Amino acid sequence: MFPIINLGPLSIPTPAFLLILGYIAGSYLLEKKSSLFSMASEIIDRALWIGTISALIGARLSYIAGAPSAFRGNILSILSLNPALLDPVGGLLIGGAAVFLVISKQKTDYWLFLDSITFFLGAMLPAFFLSRFSAGNGFGIPTDLPWGVFLWGVERHPVQIYLTIAALILLIIIIATAPIKELPPGSTFLIFIAATFSYLVFLTAYQEPSNILISGFRSGQIILWLLLLFALILLNFRFKTSITKVDHEIEK
Amino acid sequence: MNKKSKIISITILMTGLAWIWLSRFPVDSIPASLVEAPQVGFSAPDFTLPDLDSQEISLSDYRGSPVILNFWASWCPPCKAEMPAFQKAFQEYAGSDLQIIAINATNQDSIAAVLSFTEEHGITIPILLDQTGFVSKEYLVHSLPTTYFIGKDGTIKEVIIGGPLPLSLLRIQANGLIMD
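Residues numbered from 1 in each chain as written. Chains lettered and ligands numbered in written order. Predicted model: local features only at pLDDT ≥ 70, side-chain atom pairs only at ≥ 80, totals over all residues. Heavy atoms only, no water.

Enquirer: Quick question: what am I supposed to make of the overall build of chain A here?
Expert: When its secondary structure is counted, chain A shows 7 helices and 4 strands. From first element to last, N terminus to C terminus, chain A shows the α and β order β-β-α-α-α-α-β-β-α-α-α. Judged by the C-alpha coordinates and their principal axes, chain A covers about 70 × 50 × 40 Å. The 252 residues of chain A split such that 45% are buried. (Helix = DSSP H or I, 4+ residues; strand = E, 2+ residues; numbered from the N terminus. Buried < 20%, exposed > 50% of the residue type's maximum accessible area, 1.4 Å probe, protein only.)

As structure tokens, this is what we get:
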């Protein structure tokens, strides 16, 4: 755990620093790889910028909306630079909606856009897991294994490191193989999402659970499995519609 | 392609279900809230420190009440910037059982500077003096200010590293702790 990098008088919060590095790496990959899916990099750039700014504003607005009375007599704190005043879920929803609007306006194929941003998400995920590791969050269950890390009183599974390795392997596979020509648009994104939920279902078993249901089931694992199910249904649906489309074209 | 992908999907889903069953959490495990560690979900480590009147105060004295624990120093600009917000919150929540405690990193500060700062800014929050730096070390305080939000049961609910924290954030956290 290393939440702060102290450089002389400068204290850099490591989790935020890692997320920024992930964002830069993701943007670079996005720019380089978007042409593989016949996407204009300007559209991707615009969507990314508008999405990021909207997500930040949305996260702050969502936080304020949660308890507007707390800002009574302290209205200027709305502009506070403190990231603790951000609601990540609200930010993601508003940022996602903004990206959707940009893409709709450009009349771009949503599936091709999702395929393109797979590279961005692929680079962000390892950075996200590393940032959690640096903050000491999402820590593992106790272990006797030699690679256990001493955290919060005992040797624990470095579960965020497992997740980082899994995310990096997936990123390398995606970079090396995408796009697969025989697969319909959207497949790269959906395969990436399904693979991510698959390793999450597997590896979160080594994480100290935050919420336990009856008989020791982890609620997080069940939610991840349901998301995996949804991603696989969508993927199969994409395959089915693309085959039907090809059949129709042959008939014509 | 479609049939093959269906078989793969079903295999992945069934393997996932089997893994969820196999990796169930042992019901006899010790919950994190019973272990002392300076992390969200764990029990806040207990300590005893003197205040400015040399009276010994322990965190365990406040068990049953929510506590906001702020680590600070008089030379640290964000600590000084956020102290008025803490003072305001201290006054606003005086009628509730919420406790606000400021732990001065006295091993990197001086009592004279602390007294001068509190007098100058009218700070009446209980200030504890960590003269050896033991409590800061125990709470893994890497940077000042650092604030811990502790629930009535003594479990750490939130940790915020850095500042200045605005009054609105303190109100939101305080209300959450009181209602918890």
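Enquirer: I keep staring at the sheet that holds strand β7 (residues 156-161) of chain B and nothing clicks. Help me out?
Expert: Within a sheet, neighbouring strands are paired by backbone hydrogen bonds and run either parallel or antiparallel to one another. All names here are of chain B. A sheet is described by the order of its strands in space; here 5 strands give the open sequence β5-β4-β3-β6-β7, paired in mixed fashion. Every interior strand has two partners, whereas the edge strands, β5 (127-129) and β7, have only one. When strand polarity is set aside, the average angle formed by the axes of neighbouring strands in this sheet is 20°. In this structure, strand β3 (residues 67-72) lies alongside strand β4 (residues 99-104), joined through 6 bridges in parallel fashion. Paired with Trp72 across the bridge in β4 is Asn104. Lying over the sheet, helix α2 (residues 77-92) contacts β3, β4 and β6 (146-150), oriented at roughly 160° with respect to β3. Relative to the sheet, helix α3 (residues 111-121) contacts β3, β4 and β5, its axis offset from that of β5 by approximately 175°. (Pairing = 2+ DSSP bridges. Axes fitted to C-alpha atoms, helices over the stretch in contact; angles between N-to-C directions. Contact = heavy atoms within 4.5 Å.)

Enquirer: Would you explain the pattern of salt bridges in this entry?
Expert: Counted under the stated rule, the structure contains 4 salt bridges over all chains. Two residues, Glu208 of chain A and Arg156 of chain A, come together in a salt bridge whose shortest N-O distance is 3.0 Å. With Glu208 of chain A in the loop between α6 (187-203) and α7 (219-251) and Arg156 of chain A in strand β4 (residues 154-156), this pair connects stretches of sequence that are 52 residues apart. The closest approach of N and O atoms between Glu92 of chain B and Arg171 of chain B, which form a salt bridge, is 2.7 Å. Taken as a pair, Glu92 of chain B in helix α2 and Arg171 of chain B in helix α5 (residues 167-179) lie far apart in primary sequence, 79 residues in all. Owing to a relative accessible area of 34%, Glu92 of chain B belongs among the partly exposed residues under this scheme. (Salt bridge = Lys/Arg side-chain N within 4 Å of Asp/Glu carboxyl O.)

Enquirer: It is not clear to me how unusual backbone geometry should be interpreted in this structure. Could you clarify?
Expert: Among all residues except glycine, the phi angle is most often negative; among peptide bonds, the trans geometry is most common. Along the chain, Leu144 of chain B connects to Pro145 of chain B via a cis peptide bond; the corresponding omega equals -5°. Residue placement: Pro145 of chain B occurs in the loop between α4 (134-138) and β6. For the bond from Gly163 of chain B to Pro164 of chain B, the omega torsion is 0°, close enough to zero to count as cis. Secondary-structure assignment places Pro164 of chain B in the loop between β7 and α5. Even without a glycine there, the phi angle at Lys107 of chain A is positive, about 55°. The topology assignment puts Lys107 of chain A in the loop between α3 (88-105) and α4 (110-135).

Enquirer: What is the right way to read the state of the cysteines from this model?
Expert: Here, the word disulfide means a covalent bond between the sulfur atoms of two cysteines. All names here are of chain B. A complete count under the given rule lists 1 disulfide over all chains for this structure. At a sulfur-sulfur separation of 2.1 Å, the disulfide partner of Cys76 is Cys79. Its torsion about the S-S bond being 85°, the disulfide of Cys76 and Cys79 is classed as right-handed. The exposure class of Cys76 is buried, given its relative accessible area of 3%. (Disulfide = S-S within 2.5 Å.)

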